[in-house]
Amino acid sequence: MITQTRKRRVKLYKDRLNILLDLAQTINEDHSVESLLAEFEILLREELDVGKVLVYTCSDGVWHNLLTSGVRPEEVAGIDVERDLMKYQAIENITISPPEHLRGFDAIIPLFHRFRSIGYLLIGDVDEDYKGISPTIKHLKLIQIIANLIIVFIENKRMQQALLEQEVMRKELELASRIQNQLIPGPADLPSHKNLSIHTIYQPHLGVGGDYYDFLQISRHSIGFCVGDVSGKGIAAALLMSNFQAVIHSVFSARMSLKKLVHQLNRRVNESANNEKFITLFIGKYNLLTRKLSYINAGHLPPLLYDARKGGILSLDKGCIGLGMLDEIPAIEVGRLTIPRGSKLLAFTDGLVELERGDEVTSGQLPLEKILSSPVSMAENIVEIKAFIKEHMSRKSIFDDISVIGMEF
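Residues numbered from 1 in each chain as written. Predicted model: local features only at pLDDT ≥ 70, side-chain atom pairs only at ≥ 80, totals over all residues. Heavy atoms only, no water.

A word on the overall build of the protein chain
Phase 1: Helices and strands together make up the secondary structure of the protein chain, namely 9 helices and 18 strands.
Phase 2: Here the protein chain holds 409 residues, and the buried ones make up 47% of them.
Phase 3: Expressed as a percentage of contacts within the protein chain between residues at least 6 apart in sequence, the contacts between residues at least 24 apart total 65%.
Phase 4: As displayed, the protein chain offers around 21,800 Å² of accessible surface, 53% of which is attributable to carbon and sulfur atoms. (Helix = DSSP H or I, 4+ residues; strand = E, 2+ residues; numbered from the N terminus. Buried < 20%, exposed > 50% of the residue type's maximum accessible area, 1.4 Å probe, protein only. Contact = heavy atoms within 4.5 Å. Areas by Shrake-Rupley, 256 points an atom, 1.4 Å probe, with all protein chains shown as cover.)

Laid out in structure tokens, this is it:
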């Protein structure tokens, strides 16, 4: 004979099973996080007689208040998850003797996924004057199971969205990288002349970057060239540099003096960067017949010139401050020299020489001077520099974009 107590127990189990089946169907229908939380709130309040609900979840190491229902703002404000909740590893009934900051709640339900704490659920009755054991206590284990299912679903949904965003970002970076690589001159785009040999290296650190070099045939016997570096990395730096390249192509000519050109470039950088970024730049003009070089170094690392006649290294450092640092550049010094036959020039960005060693950043310029001074061609020097880059990349000591131009006269 089935007793009334057993009948009630069977009905309770059937009700709980139906609740879980309804929840599983809701989750399988892939509802939004907002609609799922609304269903959860209705379930707690109407099916399980829970009057007060407060849910905390942890995302990226930060605790967030995911759901608040029937709880006064001052109650929420008084709770600190790390101080008040993280010590609980199992369901805790606090109806009779609640901690100071948790008065008004009847139970603390920790939520776990793969033995990792992912949230906490506080429940209680609306009637604060209610004395004795809360009727919600009989549903604690069921509430924990339901809450765990929902929080895990939300966490999976968040991770899925993060993966989708990462994939979109990856594709955008690939597209930006392809576009930027088309803007950077390749071997076929470099000026060709019997009196000049040109070699280059371009290696952005994050797929896209703020480094830039270029060569332009500005007259029959003259070429213009430059190497530059935008402060910062990534897409923002790449966008500014792409805009800068378009400006150089539109204004760099044999008729315009380098001083006037640099003043104009400074104005354009200020317009584009809104004083948030600046560009260091080495820019020069070289006459293929007279072998005369004029240049301005705008805050850039000085290129190295190996003088074949004297057998020494010269730093090309005459110029001014970087572009975009001030509204107007106060003074510019133009460097001028005649390049001896057989000499070599190496210009580069700081990613090549600023290397990480533990917590320190050291300069790797001395090895470059040694490479450049060796009595071999610039083509062989570039091969050595590529080996230098590969070696330091294997040590993870390179942390910035790298651009290099090598010229042999």
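Don't stop here, the text continues.
Looking at a nonpolar patch on the surface
Phase 1: On the surface, Phe278, Ile321, Met325 and Leu326 cluster together to form a nonpolar patch covering roughly 310 Å² of accessible area.
Phase 2: Relative to the helices and strands, Met325 is located in the loop between strand 13 (319-320) and strand 14 (335-338). (Patch = residues over 30% accessible without salt bridge, like charges linked within 9 Å, V, L, I, M, F, W, Y side chains within 5 Å. Salt bridge = Lys/Arg side-chain N within 4 Å of Asp/Glu carboxyl O.)

Some remarks on the sheet that holds strand 15 (residues 344-348)
Phase 1: The strand order across the open sheet built from 5 strands is 6-18-15-11-12, with neighbouring strands paired in antiparallel fashion. Either end of the sheet is taken by a strand with one partner, and the two such strands are strand 6 (197-203) and strand 12 (312-315). Within this sheet the neighbouring strands show an average axis-to-axis angle of 15 degrees, counted without direction.
Phase 2: Note that strand 11 (residues 304-307) and strand 12 share 4 bridges and pair antiparallel. Directly across from Tyr306, in strand 12, lies its bridge partner Ile313.
Phase 3: Helix 9 (residues 378-394) contacts strand 6, strand 15 and strand 18 (402-408) of the sheet and is inclined by roughly 15 degrees relative to strand 6. (Pairing = 2+ DSSP bridges. Axes fitted to C-alpha atoms, helices over the stretch in contact; angles between N-to-C directions.)

Some points on the sheet that holds strand 1 (residues 52-59)
By definition, the strands of a sheet pair up through backbone hydrogen bonds, in either a parallel or an antiparallel sense.
Phase 1: The strand order across the open sheet built from 5 strands is 2-1-5-4-3, with neighbouring strands paired in antiparallel fashion. Bordering the open sheet on either side are strand 2 (62-69) and strand 3 (92-93), each of which pairs with just one other strand.
Phase 2: By the bridge criterion, 7 bridges tie strand 4 (residues 107-113) to strand 5 (residues 116-124) in an arrangement that is antiparallel. The partner of Leu111 across the bridge, within strand 5, is Gly119.
Phase 3: Against the sheet, helix 2 (residues 33-47) touches strand 1, strand 2 and strand 5, its axis set at about 55 degrees to strand 2.

So, the pairing of strand 11
Phase 1: Side chains Leu304 and Tyr306 project from strand 11 onto one buried face, and the interleaved Leu305 and Asp307 project onto a second face that is buried too.
Phase 2: Counting the residues that bridge the hairpin from strand 11 to strand 12 gives 4 residues, and of these Gly311 lies at a positive phi of roughly 75 degrees.

Focus on the environment of Pro367
Phase 1: In this structure, Pro367 sits in helix 8 (residues 365-373).
Phase 2: For Pro367 and Ile385, which are 18 residues apart along the polypeptide, the C-alpha to C-alpha distance reads 9.1 Å.

Side note on the pairing of strand 4
Phase 1: Extensive coverage of strand 4 is indicated by the burial of 5 of its 7 residues.
Phase 2: Pairing geometry for strand 3 and strand 4, over 2 bridges, is antiparallel. The residue bridging Asn93 from the neighbouring strand is Ala107, located in strand 4.
Phase 3: Where strand 4 folds back on strand 5, the antiparallel hairpin that results is connected by 2 residues, among which Arg114 adopts a positive phi of roughly 55 degrees.

Examining the nonpolar core
Phase 1: Ranked by internal contacts, the top residues of the largest apolar core, which has 54 residues, are Phe215, Phe244, Leu265, Ile283, Leu293, Leu323 and Met407.
Phase 2: Among the nonpolar cores identified, the runner-up in size contains 27 residues, and Val33, Val55, Ala107 and Ala147 belong to it. (Core = buried A, V, L, I, M, F, W, Y, C linked by side-chain atoms within 4.5 Å.)

A look at the packing of aromatic side chains
Phase 1: Across all of its chains, the model carries 7 aromatic pairs by this definition.
Phase 2: A ring pair is formed by Trp63 and Tyr120, whose centres lie 5.6 Å apart and whose planes are at 45 degrees; its orientation type is tilted. Separated by 57 residues along the polypeptide, Trp63 in strand 2 and Tyr120 in strand 5 bring together distant segments of the chain.
Phase 3: Given a relative accessible area of 19%, Trp63 falls into the buried group.
Phase 4: Classification of Tyr120 by relative accessible area gives buried; the value is 1%.
Phase 5: With centroids separated by 6.1 Å and ring planes inclined at 40 degrees, the aromatic side chains of Phe225 and Phe282 adopt a geometry described as tilted. Pair noted here: Phe225 is in strand 8 (residues 222-230) and Phe282 is in strand 9 (residues 279-287), with a separation of 57 residues, a long-range link. The exposure classification of Phe225 matches that of Phe282, with both residues buried.
Phase 6: An aromatic cluster of three or more residues is present, and its members are Phe215, Phe225, Phe282 and Tyr295.
Phase 7: Residue placement shows Lys52 over the ring face of Phe105; its charged tip is 5.0 Å from the ring centre. (Phe/Tyr/Trp six-rings, centres within 6.5 Å; stacked < 30°, edge-to-face > 60°. Lys NZ or Arg CZ within 6 Å of the ring centre and 35° of its normal.)

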